[in-house]
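Structure assessment
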Amino acid sequence: MSDILIVDDERDIRELVSDILEDEGYSTRLAGNSDECMAEINSEPPGLLILDIWLKDSRMDGIDILKAVKRDNPDVPVVIISGHGNIEIAVAAIKQGAYDFIEKPFNIDQLMVVIRRAMETSRLRRENASLKRKEVTSSDMIGKSAAFRAMQSQLDKVTKSNGRVMLSGPAGSGKEIAARYIHAHSNRANAPFVTVNCAGIEPERVEEVLFGRESSERGIESGLLEEAHGGVVYFDEVADMPLGTQSKILRVLVDQQFQRVGGSDKVRVDLRVISSTNRDLDHEIAADRFREELYHRLNVVPIAVPSLEERREDIPVLAQHFIEMCNESQGLALREISEEAVALLQTMTWPGNVRQLKNLIERVLILGDGAGPIEAKELPTEEEKTDDSGRVVLSGALATLPLREAREAFEREYLLTQINRFGGNISRTASFVGMERSALHRKLKSLGVVTSNKSGARVAQLDEPEPAE
């Protein structure tokens, strides 16, 4: 997109403009009618289009070509020229998305000023879009646990295809990071990644936001689907999309085209779709809140994103990653984490998942007054566990039990937590709690604790007795 396409039905004019531009260091292509123009654009979009409004012996006039270019190649700036121009045509062209309008006979110096500005504007727009794609959210996948490796293996398998992916998992587990990972490792990595926050768009505006709009007052306003052309559109929490919009998105997936609100032209798009949800979509379908046809279109490759509690092994490396992020982005202290603090982090409950861990680390760094390792006492506890003298404070339920039952309840919860902290690794758990492995196995059996596979990882849970017949 570095050359200039000149479209004019007068051969002398298009060759004159071409000679002038080539003297200024630009490369050019020429077209004498609408068919030649569209063929050139379809073969390779130009960096800029100089377009005569009136084209003899053509199926389309300049305004028709302008509409088609703004629909299919919105980044290409268009400069309109005409010997029959008037203010009404100029206004119409600008409203349809033209960069500027110049009337014949034109001043060469004026034409060059407009072209330089249009090319520079286009370059800055592309650079800005590229920087936004790089800076908005990282696509780094951090982890080493079995559950994480199983998920990453699935993501790697879908990166090179155009198949639609449905990411499921609890809020804050990192579904958008997974979507960006797919995009960053795909053949669309240099194209846009556009997020549609289905829960954050006002229901009455969702179609304008997605499809864009056309009006006589404001001309063409592109929507998110148009902005994502050539790249990836990510429907975040797709279950929150209004039912009426779901049917229109279904039609876009089938036809790869849509109409802007208030418009009549079809807008063609090339999109890869990735969706996410923290709900059971089968339940939403049964409750008539989600279209079954759309579900099957989106759910071509389902991938589960594990909760933080399913990948406790990753907490230390994630915490250190967030410390480094806060140091780079905010200049906060680059601190390490003490073993006691790591142990506490791995035994906490995380309803907010990875997002909650990130926020906690940021808060500790902001409130911390030292550069040494983060200590356990700096971490907020879910409930008061000790009093001022360091004594353990019993919960109400535990304090009401006889000693033997209280001891068993404590041992059961303690060992469940430690096993899950170490990703189901009995040897590491035994080493940490100070027991022989065989003794730990006997203890787990007596307490009714078993380990099983879940999301590619070993997790500990209570052995549920089979119901009596």
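Here is a short report on the structure shown in this document.

Things to note about the overall build of the protein
- Along the protein, the regular secondary structure elements total 19 helices and 16 strands.
- A buried classification covers 43% of the 469 residues belonging to the protein.
- By sequence separation, contacts in the protein at least 24 residues apart represent 69% of the contacts at least 6 residues apart.
- Surface exposure of the protein reaches about 24,500 Å², of which carbon and sulfur atoms provide 48%.

Quick word on the packing of helix α14 (residues 339-347) against helix α17 (residues 403-421)
- The geometry of α14 relative to α17 is characterised by a closest axis approach of 9 Å and an angle of 105° between their N-to-C directions. The orientation of α14 relative to α17 falls into the category roughly perpendicular. Residue-level inspection shows Ala343, Gln346 and Thr347 of α14 in contact with α17, the latter providing Thr417, Gln418 and Arg421.
- Grouping the constituent residues of the contact of α14 with α17 by class yields one nonpolar, four polar and one charged.

Here's the deal with the packing of aromatic side chains
- Counted by the stated rule, this structure contains four aromatic pairs.
- Between Phe410 and Tyr414, the aromatic rings sit 5.7 Å apart at their centres with planes inclined by 20°, giving stacked as the arrangement. Placement of the pair is Phe410 and Tyr414 together in helix α17, with a separation of four residues, close to one helical turn.

Quick look at the side chain of Thr429
- Along the chain, Thr429 falls in helix α18 (residues 426-433).
- Once residues within four sequence positions are removed from consideration, Thr429 is found in contact with Gln418, Ile419, Phe422 and Leu440.

Examining the pattern of salt bridges
- Taken as a whole and assessed by the stated rule, the structure comprises 24 salt bridges.
- Between Arg59 and Asp35 there is a salt bridge, with the nearest N and O atoms lying 2.8 Å from each other. Here Arg59, found in the loop between β3 (48-52) and α3 (62-72), pairs with Asp35, found in helix α2 (residues 34-43); they are 24 residues apart in sequence, far enough to count as distant.
- For Arg335, the salt bridge identified is with Glu378, shortest N-O distance 2.8 Å. Here the residue Arg335 occupies a position in the loop between α13 (315-330) and α14, and Glu378 occupies one in the loop between α15 (353-367) and α16 (396-399), the gap between them amounting to 43 residues.
- Of the residues examined, Arg335 reaches a relative accessible area of 3% and is grouped as buried.

Remarks on helix α7 (residues 175-184)
- Buried residues dominate α7, accounting for seven of its ten residues.
- Those residues of α7 lying buried are Lys175, Ala178, Ala179, Arg180, Tyr181, Ile182 and His183.

Section: the environment of Leu271
- Its place among the elements puts Leu271 in the loop between β12 (266-268) and β13 (272-277).
- Residue Leu271 is classed as buried on the basis of its relative accessible area of 10%.
- Considered as a pair, Leu271 and Gln257 are 14 residues apart in the sequence and their alpha carbons are 10.0 Å apart.

Re the sheet that holds strand β4 (residues 78-82)
- In space, the five strands of this open sheet follow the order β2-β1-β3-β4-β5, with parallel pairing throughout. The outermost strands of the open sheet, each flanked by one partner alone, are β2 (28-31) and β5 (100-103). Taking each pair of neighbouring strands and ignoring which way they run, the sheet shows an average axis angle of 20°.
- Where α2 meets the sheet, it contacts β1 (4-7), β2 and β3, and its direction lies at approximately 145° from that of β2.

Quick word on the environment of Gly244
- Position of Gly244 among the secondary structure elements: in helix α10 (residues 243-255).
- A relative accessible area of 43% places Gly244 in the partly exposed class.
- Taking the C-alpha atoms as reference, Gly244 lies 9.7 Å from Pro203; in sequence the two are 41 residues apart.

Considerations on the packing of α17 against α18
- Packing of α17 against α18 leaves a shortest axis separation of 8 Å and a crossing angle of 125°. Classified by the angle their axes make, α17 and α18 are oblique. Considering the relative orientation of α17 and α18, their crossing is right-handed. Contact residues: α17 offers Tyr414, Leu415, Gln418, Ile419 and Arg421, while α18 offers Ile426, Thr429, Phe432 and Val433.
- Looking at side-chain class alone, the contact of α17 with α18 contains six nonpolar, two polar and one charged residues.

Side note on the nonpolar core
- Within the largest apolar cluster, 32 residues are counted, with the highest numbers of intra-cluster contacts made by Leu225, Phe235 and Ile249.
- Put simply, the parts of the chain that give this core at least two residues each are β7 (193-197), α8 (206-211), α9 (224-227), β10 (232-236), α10, α11 (281-286) and α12 (292-298).
- Sequence-distant contacts of Phe235, that is, excluding residues within four places in its chain, are made with Val196, Cys198, Leu210, Leu225, Met241, Ile249, Val273, Ile274, Ser275 and Ser276.
- Ranked by size, the runner-up nonpolar core spans 24 residues in total, among them Ala31, Ala68, Val76 and Ala98.

Remarks on the sheet that holds β13
- Read from one edge of the open sheet, five strands run β7-β10-β13-β6-β14, paired in parallel fashion. The two strands at the open ends of the sheet, each matched to only one other strand, are β7 and β14 (301-304). Pairwise comparison of adjacent strand axes, ignoring direction, gives a mean angle of 20° for this sheet.
- Here β10 runs beside β13; their pairing, made up of four bridges, is parallel. Bridge pairing in β13 links Val233 to Val273.
- Lying over the sheet, helix α6 (residues 146-158) contacts β6 (165-168), β13 and β14, oriented at roughly 155° with respect to β14.
- Docked against the sheet, α7 engages β6, β7, β10 and β13, running at close to 155° with respect to β7.

Conventions used here
Residues numbered from 1 in each chain as written. Predicted model: local features only at pLDDT ≥ 70, side-chain atom pairs only at ≥ 80, totals over all residues. Heavy atoms only, no water. Helix = DSSP H or I, 4+ residues; strand = E, 2+ residues; numbered from the N terminus. Buried < 20%, exposed > 50% of the residue type's maximum accessible area, 1.4 Å probe, protein only. Contact = heavy atoms within 4.5 Å. Areas by Shrake-Rupley, 256 points an atom, 1.4 Å probe, with all protein chains shown as cover. Axes fitted to C-alpha atoms, helices over the stretch in contact; angles between N-to-C directions. Parallel < 35°, antiparallel > 145°, perpendicular 65-115°, else oblique. Nonpolar A, V, L, I, M, F, W, Y, C, P; charged D, E, K, R; others polar. Phe/Tyr/Trp six-rings, centres within 6.5 Å; stacked < 30°, edge-to-face > 60°. Salt bridge = Lys/Arg side-chain N within 4 Å of Asp/Glu carboxyl O. Pairing = 2+ DSSP bridges. Left-handed = near helix turned anticlockwise from the far one by under 90°. Core = buried A, V, L, I, M, F, W, Y, C linked by side-chain atoms within 4.5 Å.

These figures come from the coordinates and say nothing about function on their own.
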